[in-house]
Amino acid sequence: MVSIRAKIKSRLEKFLEVDTSGYRRTILCIFIKVKKATIDELHEMLTSKYNVSRNTVASMVGYIHSKLGILRAHKESYKTPMVYFLREEYVDLLMKIVTSPKAPTEFTT
């Protein structure tokens with residue numbers, strides 16, 4: 001039987017294979033550095049390097065949260081924005097994949 005970590009690794013690799021613009025890898029690098037962020041914070045960080053809409057960022061983070069399973073989400077109340085946290089048990093796996101030889105330059109703040 002295939003472990004959950006192996007499934008997540010496979011999904012991450014497929015997720016990054018189709019990353020022609022570099023947005024996906026950059027979002028993952030941001031999560032490695034900051035550990036938690038809202039959509040607005042991620043959008044602000046990405047617009048310094050790319051011309052990307054807030055909806056695009058929200059869509060990617062939603063996909064990472066729901067399909068890849070490496071993020072936790074927390075909402076304090078209905079008035080506050082959703083905060084996404086990188087799950088600690090996948091930090092090492094994510095770092096290994098993001099910094100692989102085919103990885104472009106890492107996001108710097």
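As the structure is a prediction and not an experimental result, all values here were calculated from the model.

Some words on the packing of helix α1 (residues 4–17) against helix α4 (residues 54–68)
When two helices pack together, their arrangement is captured by the angle between the axes and the distance separating the axes.
Item 1. Taken N-terminus to C-terminus, the directions of α1 and α4 make an angle of 150°; their axes are 11 Å apart at the nearest point. As summarised for this structure, α1 and α4 are arranged roughly antiparallel, according to the angle between their axes. The crossing of α1 and α4 is right-handed. Judged by residue contacts, Ile8, Arg11, Leu12 and Phe15 of α1 engage Tyr63, Ile64, Lys67 and Leu68 from α4.

Examining the packing of aromatic side chains
Item 1. What the rule picks out here adds up to 2 aromatic pairs.
Item 2. An angle of 10° between the planes, with centres 5.5 Å apart, marks the rings of Phe15 and Tyr63 as stacked. Of this pair, Phe15 sits in helix α1 while Tyr63 sits in helix α4; the two residues are 48 residues apart in sequence, bridging distant segments of the chain.
Item 3. A relative accessible area of 3% means that Phe15 is categorised as buried.
Item 4. Judged by its relative accessible area of 39%, Tyr63 falls in the partly exposed class.
Item 5. Here Tyr23 and Tyr50 contribute two aromatic rings whose centre-to-centre distance is 5.0 Å and whose plane-to-plane angle is 80°, an arrangement assigned as edge-to-face.

With respect to the pairing of strand β3 (residues 83–86)
Item 1. Pairing of strand β1 (residues 36–37) with β3, which is carried by 2 bridges, proceeds in the antiparallel orientation. What sits directly across from Ala37, in β3, is Tyr84.

Parameters and conventions
Residues numbered from 1 in each chain as written. Predicted model: local features only at pLDDT ≥ 70, side-chain atom pairs only at ≥ 80, totals over all residues. Heavy atoms only, no water. Axes fitted to C-alpha atoms, helices over the stretch in contact; angles between N-to-C directions. Helix = DSSP H or I, 4+ residues; strand = E, 2+ residues; numbered from the N terminus. Parallel < 35°, antiparallel > 145°, perpendicular 65-115°, else oblique. Left-handed = near helix turned anticlockwise from the far one by under 90°. Contact = heavy atoms within 4.5 Å. Phe/Tyr/Trp six-rings, centres within 6.5 Å; stacked < 30°, edge-to-face > 60°. Buried < 20%, exposed > 50% of the residue type's maximum accessible area, 1.4 Å probe, protein only. Pairing = 2+ DSSP bridges.

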